[in-house]
Amino acid sequence: MNTQLNRITSGIHNNKRKAALCSTAMIAMLAAPTLSAQEVEDVEVIEVSGIRASLTTALLEKRETTNLVEIIQAEDIGKLPDQNLAEVLENITGIQITRTAGVGTGVQIRGSNSNNVLINGVQTVSSGTGRGGISFEDVSASIIAGVEVAKASDAKTIEGSVGGTVNLRTIRPLELDERLVNVRVQGEDSSLTTDGIQPRFSAVYGDNWDTDSGKFGFVFSGSLTKQESSSFRPRVDRDGSLVENCNAVVVRSGEAEDIADRPACQDFDFLGIQFLNQEYENFEYETTNISTTFEYAPNDNTKFFVDVVLTDQERRQDSTRVQGSGVSSVLNYNVPTEFEMVNYGSLDGVALGSIQTAVRGTIEPDLSVDDDDPNLRFSSDTGARLTDTSLFRIGGEWQGENLFASFEISSADSDTTNPNLSTTLNFINPNAPLDGLDDDGNITANTSNDNAVPFIYDLTGGALTFGINFDSPMAPTVAQLMDPANVVLDQVTLGRNETNNSLDALRADFTYFLEDSPVTSIDFGFRLSKRESTFNDISDNIGGFSKMVDSPSGSLFSELLVAGPDNFGDADGRELAMRNFIIVDPDLAFNDPDYVLNTLESALIAHDASPDLSNLVPSSSAFFSIAEETQAIYAQANFEFGDLLTGNFGLRHLETTVDSTGNTITSAGDVLTTISGDYSYTLPKLNIVMTPHDDVVLRLGWGQDIRRPDFSDLNTSVSYDPNINRSVSIGNPGLEPQEITTLDLAVEWYFAEAAVVSIGYFDKEISNLFVSTLDSSPRDANGYFEYTDTTCAGGGIFNPVAQGDDFLAPLGVTGACVDKATQVNDSAKTTQTGIEMAVQYDLSSFEDDLGWASGFGFMANYTIQEYKGGSVVNESAGRGTDIFNAINGIYNDADFVKVTAVQGLLDFSENAYNITTYYEKHGLSARLRYTWREAFRTDDTAGGASRNSTLGFPVYTHDRGQLNASVSYDVNEQLNIGVEAVNLNKAGVTQSCVNEGAILCFQGLADRRITFGASYRF
């Protein structure tokens, strides 16, 4: 094993080294390039390797820091504990992650998504319009040598984080002891995908040279990763499916409904089925990463460096949706065969009550009630994200007699396009008559482009299973389902959205050392930055057709059609699913979109003399460009009182100006409008470390920070979606930054080498919390949104491209008042408090007593946290209001009372833990990690569901635990082979509406991923 990854340095006790606590990185190869010549005197080198070495060095570095920092080191070149960086961070106390199709994509530090991601101390930019920085799926763990998470910041720390700051560190060439050449080849297989093993390749070269002109060093690392991840996400909506009891007098808009209109009614209210959606999430990643560093030290006191990090991310989505739509049209005519009582729990201390809910039954068309519903639709969601990011950093540092100075210029940017060619096909059931035919049985202008299909469902046992009821006389055969002549084109969604982000920064940092003073040094410096984010909505929509006369038959574009995936059920073995359907080939739609679009438009022309064709141009209403300039200065005093107490106190002052430019749409046309603003903050920071005993460290951290709004939340423009069920997001340029005050207290007991027991307490007080609000559009007696009054006087916002779906608006309608979502500042303060506990220990010191068993070690951590406060409330959407009032015996909408609840913090789990056991001896390394997090509320749902579909509130993701494992073996000093498994227990996602344990809304059945391969060191 290469030992330069695991050098432990100690014995540095001169005053200048103690004062320069900003340079405490002890592991030579992993440290950021800020070590001065004085900081490498009297170095004691201990040769260690592997899992135990990485834990030992990380623990030593953590122990030496003044502020609270958590550190993970690579076990070997390009070998962090997990393949995915989000999953790497999940090893740290107080960090939970969220996943997309099983892959870690989001990180919550102490319950917050609002965190900064840096690379070698340089702030990065995101692929979208957020603030957090580069996406974790865009950076391969194989090029990262270490990860540090600062939970308590100092005055030097770049502002902008609520939870913590994540710094990804790469290899530093001047710290190498010998030439470094390493190659790793791997393959990954997913249990739910059908494309086989996906390759991974990474390599690194590094060396340094002593010359007459000084010391030169160079490192190049690169990786090419292909990955496919899948999950099955069934969705069943029962929110708009209220069937009132037979004795209820139901009044809507002042008119009493006829009891004859609900023959399915019972002696009790119940919720039937309103919508069925079988979604297959499939994402294919191709990620290229290059990291290179050049360093030059002309003498012992001076160093110059250049860092370049490049990433190229292609994330394509080949997802499908099979939908049972228009189900609610026969809601009052189908009696479920089995019910269950659902208790909605309580919100803000108010009990919501219970209601009977359908869990088993069939949905049989009734042509006398509705001549074309329920219907069947096949959608191919073929979107993608193509992102090129770059980070450049050039600078130098100099160590004088009493002054240390560093200077750097950095530039980070990302260019993202989102190609999209998604299609929806309507199935025309040959066993059900078309509506609106003339006397001769011919199609007319009134003939709908969908017709009735029977369904069956079984929602018992905590599973959302459903499919076509093949026992019905109206059921189509498998052959009919697969026949292109039995589908028509309903809709094509086109897109080529563009997002461009850039961040240019200049910073200078200085440390002045003092002699014979409790204040050992003064840090001071400045940072100037300019940040820009520009978004162009380039999209169009063909169709949203409702009539056969507008909808070309699949036989006109049959060369594009392929069978949809038939493996729905591989995750949990379900028998009831929709397995027989056809879709527009997603691979072809991505690889040759022009051919696919030309073929579909040719079919439209052949079918209709005046067809709706594409017009893919930028939308003036959705464009925005935001420019932000910040000037920050700081000063910090570092102090020391013997061996008992060290710390720092400092102030960071910043001034920011913001220009938000967007188009204001008027009757005279589009007017480019810029709204400007500015703000300033002074942020104090205090960190104290006490060492009352050689093995005990006490920490106190206190400081203030801000979190700026995401750029998309500041924009003054608006983007519309043809999906009528999706709310329209409106920016709020008046959003103010969040203000965060954090207190940290911690005790750490280093009772043995590479061993620690720690407990910490944190308290965060947040002002101006960003919260989502939903302005719901009311519905009429038919359940329709308003579509004639464009002013939307009753609520919501008019979406001019919303397509009627025969549930929220009649088929054929274009434009309706839909729900409006926006972000606001919560006027009330909120608090997050928590306790973090961790233990780490191994048995290596007992080798004489235990022999082979001394290779075992373990780590465990537990976080318990609580969230309080806030005043901005969510309120029940129209569907939820119907249900909650019916539970209380209120059936007249004039008397309805809406349910409200303070939103609070999303993606926040109160309890979470990790347990890791490892074994390392005789060349064998093995690791087993179990991660568990408690239920949390989220807006991350299946099948494009909005809060309109979840009764107006975030959904609850239930408790979830995941088991990961890895085993590797050193065949010799050069060759290592290994295998890693993610989600061995195939843990899925279960989501309930309103409260945990209430009505089951969504599932996510995730895959198990196995990665195997070898690495060779030359």
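See above for the structure.
Read on for an overview of the structure. Everything quoted here is computed from the prediction, not taken from an experiment.

Considering helix α2 (residues 50–64)
Here is step 1 of the chain: Under the 1.5 Å per step criterion, the end-to-end length of α2 is 22 Å for 15 residues, consistent within 8% with the ideal 21 Å.
Here is step 2 of the chain: In terms of burial, α2 is a largely internal element, twelve of the 15 residues being buried.
Here is step 3 of the chain: Residues of α2 that are buried include every one of G50, I51, R52, A53, S54, L55, T56, T57, A58, L59, E61 and K62, and no others.

Considering the environment of D705
Here is step 1 of the chain: Looking at the secondary structure, you find D705 in strand β35 (residues 696–707).
Here is step 2 of the chain: Residues D705 and N420 lie 285 residues apart in sequence; the distance between their C-alpha atoms is 39 Å.
Here is step 3 of the chain: In contact with D705, not counting residues within four places along its chain, are E159, G160, S161, L683, K685, Q738, E739 and I740.
Here is step 4 of the chain: At 3.0 Å, the side chain of D705 and the backbone nitrogen of G160 are in polar contact.

Comments concerning the sheet that holds strand β42 (residues 820–825)
Here is step 1 of the chain: As summarised here, the arrangement of the three strands in space is β36-β42-β39, forming an open sheet in which the pairing is mixed. Among the strands making up the open sheet, the edge pair consists of β36 (728–730) and β39 (770–775). Each strand of the sheet is rotated relative to its neighbour by a mean of 30°, with strand direction disregarded.
Here is step 2 of the chain: Here three bridges tie β36 to β42, and the two strands are oriented parallel to one another. By the bridge assignment, I730 is partnered in β42 with T822.

A few points about helix α6 (residues 593–607)
Every α-helix carries 3.6 residues per turn, so stepping three or four residues along brings you back to the same face.
Here is step 1 of the chain: Here α6 spans 21 Å end to end across 15 residues, near enough to the 21 Å set by a 1.5 Å rise per residue.
Here is step 2 of the chain: Every buried residue belonging to α6 is among V596, L597, T599, L600, E601, A603 and L604, and all of these are buried.
Here is step 3 of the chain: The inward-facing, buried residues of α6 contact β24 (403–427), β27 (487–513), β29 (539–543), β31 (582–584) and α5 (586–591).

With respect to the pattern of salt bridges
Here is step 1 of the chain: Considering all chains together, one arrives at 54 salt bridges under this definition.
Here is step 2 of the chain: Residue D381 is joined to R321 by a salt bridge in which the shortest nitrogen-to-oxygen separation is 2.7 Å. Of this pair, D381 sits in strand β22 (residues 375–381) while R321 sits in strand β17 (residues 319–325); the two residues are 60 residues apart in sequence, bridging distant segments of the chain. Each member of the pair, D381 together with R321, is buried.
Here is step 3 of the chain: The network of salt bridges with common partners includes D82, E87, E90, R99, E188, R200, R929, D1007 and R1009.

Thoughts on the state of the cysteines
Here is step 1 of the chain: In this structure the tally under the stated criterion is three disulfides.
Here is step 2 of the chain: Paired through a disulfide, C246 and C265 show a sulfur-sulfur distance of 2.1 Å. Between C246 and C265, the S-S torsion sits near 110°, and that sign places the bridge as right-handed. Placement of the pair is C246 in the loop between β11 (242–243) and β12 (251–252) and C265 in the loop between β13 (255–256) and β14 (270–271), with a sequence separation of 19 residues.
Here is step 3 of the chain: Taking relative accessible area as the criterion, C246 reaches 30% and is therefore assigned partly exposed.
Here is step 4 of the chain: A sulfur-sulfur distance of 1.9 Å marks the disulfide that ties C993 to C1001. In this pair, the class of C993 matches that of C1001, namely buried.
Here is step 5 of the chain: The cystine pairing of the protein, numbering bonded cysteines in sequence order, is 1-2, 3-4, 5-6.

Notes on the sheet that holds strand β4 (residues 116–119)
Here is step 1 of the chain: Reading across from one edge, β1-β6-β7-β4-β5 is the order of the five strands in this open sheet, with mixed pairing throughout. What marks the edges here is a single partner per strand, and that holds for β1 (69–73) and β5 (122–123).
Here is step 2 of the chain: Looking at chain direction, strand β6 (residues 146–150) and strand β7 (residues 165–169) are connected through five bridges and run antiparallel. Looking at β7, one finds that A150 is bridged to T165.
Here is step 3 of the chain: Packed onto the sheet, α2 meets β1, β6 and β7 and runs at close to 155° relative to β1.

Rules used throughout
- Residues numbered from 1 in each chain as written.
- Predicted model: local features only at pLDDT ≥ 70, side-chain atom pairs only at ≥ 80, totals over all residues.
- Heavy atoms only, no water.
- Helix = DSSP H or I, 4+ residues; strand = E, 2+ residues; numbered from the N terminus.
- Expected span 1.5 Å × (residues − 1).
- Buried < 20%, exposed > 50% of the residue type's maximum accessible area, 1.4 Å probe, protein only.
- Contact = heavy atoms within 4.5 Å.
- Polar contact = N/O pair within 3.5 Å; in protein donor to acceptor, adjacent residues only side chain to side chain.
- Pairing = 2+ DSSP bridges.
- Axes fitted to C-alpha atoms, helices over the stretch in contact; angles between N-to-C directions.
- Salt bridge = Lys/Arg side-chain N within 4 Å of Asp/Glu carboxyl O.
- Disulfide = S-S within 2.5 Å.

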